[in-house]
Amino acid sequence: MPSYDPQNIFAKILRGELPCYKVYEDDKALAFLDIMPRAPGHTLVLPKAPARNLLDVKPDDLAAVAQVAQKVASAAMKVFSADGITLQQFNEGAGGQVVFHLHFHVIPRKAGVPMKPPASEKEKPEVLSDHALKLAAALKG
Ligand code: 5GP
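No experiment lies behind these values; they were computed from the predicted model shown.

(A) Here's a closer look at the layout of surface pockets. As a volume, the largest pocket reaches approximately 680 Å³. What lines the largest pocket is a set of 29 residues, and nearest its centre among them are Phe-10, Asp-34, Ile-35, Met-36 and Leu-44. Of all the elements in the fold, those that place two or more residues in the lining of the largest pocket are helix H1 (9–14), strand E2 (29–33) and helix H3 (125–140). A total of three residues in the lining of the largest pocket trace back to one element, the largest contributor, which is H1. Of the residues in the lining of the largest pocket, the class split is 19 nonpolar, six polar and four charged.

Next comes the structure, spelled out in structure tokens:
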């Protein structure tokens, strides 16, 4: 497996070199909205420590990310009146991974509504801002 590339887009977001619609942050993990959501509220949860994917992440970092994914999922159920949550995580190109810093997709789902295809449409900034604010507030409360 190739080594971790610190120039990947999520590493730049983690360093504050690129913006994101932040939903949650603690000392080990960051959660922000996917800018091409497969459903409203589609959130990405990342470890702050460098890890390419599931195959090289340290167990403690993986545990921290799983805990944040669970918190985000609970908040998203309320904020988006969701009927369920789809959790996705891809490893290496053959596994569907496009950005090579480990991340989990937390996708709120409504019964009978299919997800959009991956990376099909950029959401409007005002919609992303509104969703990030609502999720962040639910995660605080
Ligand atoms: P994966 O690597 O798991 O296949 O997917 C990468 C995800 O990152 C995609 O869902 C895509 O929409 C999202 N994405 C790509 N570029 C950006 C970006 O610059 N900012 C954010 N927030 N998401 C991105």
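Picking up where we left off.
(B) Focus on the site of the ligand. Taken together, 15 residues form the shell around the ligand, and within it Asp-34, Gly-96, Val-98, His-103 and His-105 come nearest. A distance of 2.9 Å is found between a nitrogen atom of the ligand and a backbone nitrogen or oxygen belonging to Leu-33. Contact distances for the ligand include 2.7 Å between an oxygen atom and a backbone N or O atom of Val-98. Bound to the protein, the ligand loses 87% of the 520 Å² it would expose on its own. Cavity membership is defined here by more than half of the atoms lying within 2 Å of grid points; on that basis the ligand lies in the largest pocket. The set of elements that each furnish at least two residues to the shell around the ligand consists of H1 and E2.

(C) Fine view of the packing of aromatic side chains. Inspection of every chain in the model, using the stated rule, returns one aromatic pair. Measuring from centroid to centroid gives 5.5 Å for Phe-10 and Phe-32, while their planes differ by 75°, and the two rings are edge-to-face. Taken as a pair, Phe-10 in helix H1 and Phe-32 in strand E2 lie far apart in primary sequence, 22 residues in all. Classification of Phe-32 as buried rests on a relative accessible area of 2%.

Reading the values: rules and limits
Residues numbered from 1 in each chain as written. Predicted model: local features only at pLDDT ≥ 70, side-chain atom pairs only at ≥ 80, totals over all residues. Heavy atoms only, no water. 1 Å grid on protein atoms, 1.4 Å probe; cavity = no way out; pocket = protein on both sides within 12 Å on 5 of 7 lines; lining within 4 Å. Points joined across faces, edges and corners; volume = space filled by probe spheres on them. Helix = DSSP H or I, 4+ residues; strand = E, 2+ residues; numbered from the N terminus. Nonpolar A, V, L, I, M, F, W, Y, C, P; charged D, E, K, R; others polar. Near = heavy atom within 4 Å. Polar contact = N/O pair within 3.5 Å; in protein donor to acceptor, adjacent residues only side chain to side chain. Areas by Shrake-Rupley, 256 points an atom, 1.4 Å probe, with all protein chains shown as cover. Sits in = over half its atoms within 2 Å of the grid points. Phe/Tyr/Trp six-rings, centres within 6.5 Å; stacked < 30°, edge-to-face > 60°. Buried < 20%, exposed > 50% of the residue type's maximum accessible area, 1.4 Å probe, protein only.

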